[in-house]
Amino acid sequence: MTHNQIQNICESLNLGYPISPPTRVYGGLLHLMWRLDTDTGSYAIKQLSKDIHLSEATIKQYELTENIARQFATHGIPAVSSLRKNGKSLIYTGENTFIIYPWKKAEMIENDAINILHATKIASLLAKMHLLHLSVPGITKPTYDTFSSNELIIVLIEKSVEAFLPFADKLQNSKAMLLEANEQYQQAIPILNQSLVISHADLDPKNVLWDENNNPFLIDWESARALNSTSEILNAALDWSGVTTCSIDQDIFIAMITAYKKAGGIINAKDLDAFFDGIPGYCVHWMVYNIQRSLGMKGSTLEDKTIGIEQVNQVLQVIYYLNDTKDELIKLAY
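Residues numbered from 1 in each chain as written. Predicted model: local features only at pLDDT ≥ 70, side-chain atom pairs only at ≥ 80, totals over all residues. Heavy atoms only, no water.

Novice: Quick question: what am I supposed to make of the packing of aromatic side chains here?
Specialist: For any pair of aromatic rings, the description consists of the separation of the ring centres together with the inter-plane angle of the planes. Overall, the coordinates contain five aromatic pairs when judged by the stated rule. Arranged with centres 6.2 Å apart and planes meeting at 80°, the rings of tryptophan 210 and tryptophan 240 form a pair that is edge-to-face. Here the residue tryptophan 210 occupies a position in strand β8 (residues 208–210), and tryptophan 240 occupies one in helix α7 (residues 229–241), the gap between them amounting to 30 residues. On the basis of an interplanar angle of 80° and a centroid distance of 5.1 Å, the ring pair of phenylalanine 275 and phenylalanine 276 is categorised as edge-to-face. There is no split in this pair, since phenylalanine 275 and phenylalanine 276 are both buried. (Phe/Tyr/Trp six-rings, centres within 6.5 Å; stacked < 30°, edge-to-face > 60°. Helix = DSSP H or I, 4+ residues; strand = E, 2+ residues; numbered from the N terminus. Buried < 20%, exposed > 50% of the residue type's maximum accessible area, 1.4 Å probe, protein only.)

Novice: Honestly, the environment of glycine 278 in this entry has me stumped. Any pointers?
Specialist: As for its placement among the helices and strands, glycine 278 is situated in helix α9 (residues 269–294). The class for glycine 278 is buried, based on a relative accessible area of 5%. The spacing of glycine 278 and isoleucine 91 is 187 residues in sequence and 37 Å in space, taken between C-alpha atoms. With sequence-adjacent residues up to four places away left out, glycine 278 is seen in contact with Gln184, Tyr185 and Ala188. (Contact = heavy atoms within 4.5 Å.)

Novice: What am I meant to see in the sheet that holds strand β6 (residues 107–108) here?
Specialist: Backbone hydrogen bonds are what pair the strands of a sheet, in a parallel or an antiparallel way. With antiparallel pairing, the three strands of this open sheet are ordered in space as β6-β8-β9. Every interior strand has two partners, whereas the edge strands, β6 and β9 (216–218), have only one. By the bridge criterion, three bridges tie β8 to β9 in an arrangement that is antiparallel. If you follow leucine 209 over to β9, its bridge partner there is phenylalanine 217. (Pairing = 2+ DSSP bridges.)

Novice: Hey, could you run me through the packing of α7 against α9 in this one?
Specialist: When two helices pack together, their arrangement is given by the angle between the helix axes and by the axis-to-axis distance. Here α7 crosses α9 at 55°, and the two axes come no closer than 9 Å. For the element pair α7 / α9, the angle class is oblique. As α7 packs across α9, the resulting crossing turns out to be right-handed. Here Thr230, Ser231, Leu234, Asn235 and Leu238 of α7 come into contact with α9, specifically with Asp271, Leu272, Phe275, Phe276 and Ile279. The residue makeup of the contact of α7 with α9, split by class, is six nonpolar, three polar and one charged. (Axes fitted to C-alpha atoms, helices over the stretch in contact; angles between N-to-C directions. Parallel < 35°, antiparallel > 145°, perpendicular 65-115°, else oblique. Left-handed = near helix turned anticlockwise from the far one by under 90°. Nonpolar A, V, L, I, M, F, W, Y, C, P; charged D, E, K, R; others polar.)

Novice: Just checking my understanding: could you explain the side chain of threonine 97 for this structure?
Specialist: Structurally, threonine 97 is set in strand β5 (residues 96–102). Apart from residues no more than four positions distant in its own chain, threonine 97 is found in contact with Lys46, Gln47, Leu48, Leu54, Leu90, Ile91 and Tyr92.

Novice: How should I be thinking about the sheet that holds strand β1 (residues 23–25) in this particular structure?
Specialist: Sheet architecture is open: five strands sit in the order β1-β2-β3-β5-β4, paired in antiparallel fashion. The sheet is open, and its two edges are formed by β1 and β4 (90–93), each paired on a single side. On average, each strand axis in the sheet is inclined to that of its neighbour by 35°, with strand direction left out of account. Those strands touched by helix α1 (residues 3–13) are β2 (32–38), β3 (41–47), β4 and β5, and its axis lies near 140° from that of β4. Most of the contacts of helix α2 (residues 56–74) go to β4, to which it runs at about 135°, and overall it touches β4 and β5.

Novice: Just to check I follow, could you spell out α9 for this structure?
Specialist: Structural remark: α-helix, 3.6 residues per turn; residues separated by three or four positions point the same way. For α9, built from 26 residues, the straight-helix expectation of 38 Å at 1.5 Å per residue is met to within 8% by its first-to-last C-alpha distance of 38 Å. Judged by how many residues are buried, α9 sits mostly within the fold: 19 of 26 residues are covered. A side-chain oxygen of the first residue of α9 lies 2.9 Å from the backbone nitrogen of lysine 270; this N-cap is asparagine 268. Following α9 by one or two positions, glycine 296 has its phi on the positive side, about 80°. (Expected span 1.5 Å × (residues − 1). Polar contact = N/O pair within 3.5 Å; in protein donor to acceptor, adjacent residues only side chain to side chain.)

Novice: Help me understand unusual backbone geometry in this model?
Specialist: Both trends apply: most residues other than glycine have a negative phi, and most peptide bonds are in trans. The phi torsion at asparagine 86 lies on the positive side, around 55°, for a residue other than glycine. Inspection of the secondary structure assignment puts asparagine 86 in the loop between α2 and β4. A positive phi angle is found at asparagine 214, which is not glycine, with a value near 60°. By secondary structure assignment, the location of asparagine 214 is in the loop between β8 and β9.

Novice: What is the right way to look at the pattern of salt bridges in this model?
Specialist: Note that side chains of opposite charge can pair when their charged atoms are close. By the definition in use, this model includes nine salt bridges. With a shortest N-O distance of 2.7 Å, arginine 24 and glutamate 303 are connected by a salt bridge. Within this pair, whereas arginine 24 is found in strand β1, its partner glutamate 303 is found in helix α10 (residues 302–333), the two being separated by 279 residues in sequence. Of the residues examined, arginine 24 reaches a relative accessible area of 24% and is grouped as partly exposed. Exposure remark for glutamate 303: the relative accessible area of 36% places this residue in the partly exposed category. For the salt bridge of aspartate 304 with arginine 293, the shortest nitrogen-to-oxygen distance reads 3.5 Å. Highlighted residues: aspartate 304 in helix α10 and arginine 293 in helix α9, separated in sequence by eleven residues. Aspartate 304 gets classed as buried once you look at its relative accessible area, which sits at 11%. (Salt bridge = Lys/Arg side-chain N within 4 Å of Asp/Glu carboxyl O.)

Novice: Looking at this model, I keep getting lost on the pairing of β3. Mind explaining?
Specialist: The side chains of a regular strand alternate, residue by residue, between the two faces of the sheet. Burial analysis of β3 places five of its seven residues in the buried class, the great majority of the element. In this structure, the hairpin formed by β2 and β3 is closed by a connection of two residues. Bridge analysis of β3 against β5 gives five bridges, and the strand direction is antiparallel. Residue pairing for β5: alanine 44 is matched across the bridge by tyrosine 101.

Right under this line is the structure:
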């Protein structure tokens, strides 16, 4: 961030005068985050990745998701929404675009520190959010049903081999499995789209901050959309019980499902089966984006490439793990 950008942001939102240079906040996988302290308070600044093409539709989507967060907050959900100027969340200054939030005296919890208390609070919040059946103008259809074509996956694997990327051989050896997973994901989407609610859609541990009293704050609402409620609680249960480490804590997984149901949430059997058929392919979709980052596409920085490589390796392991444990996880979810 430049001095002029900081000054423009402060003036746009009446944040006062900076008392120190902004400090980088690490932990996100896409955007840059900063903390800015001024004489009026502290603020979290999201600097949007240059990978994001800010078309009119994209800008509208960012504004819409911030509106979703704001509406959930009015219903008692601890959603952190952005500060606004003239009703708009995006601040344009220099070559960058920013979204500014009030700073919360809270921290993200590390995966190895997650316990049943944390997980069940998230499950109960999800049930409350789903039961609200929030209505938001501007959401007319599901926005998560995009997927990568098998042709694109094949091309990216070939490019990875040509570029001697560290995961290229693993991708090449896994090509048949990845293509099959992608096809199963596409088949699961129409089933999951039959029953939808508006919700966060990315409520994994990195998107929740906890204060000293273990109260959660839900952040990073940019994926908020209409989605299948059963798929969201199952995805959250996987995330909070350790799926990214390929070692599920069954007690946490079961506790989240139980807490969700106790809070009034409903898990549909048909949707449950479709979710577990489709989740490896959903992971493929995220992996595709990170292969592109690793290849330096879309103007990726060195940091972007490093994160991309880490994510591809991690996601590939998770896909194998989900395939191997699918039947066991379905039994636990029932």
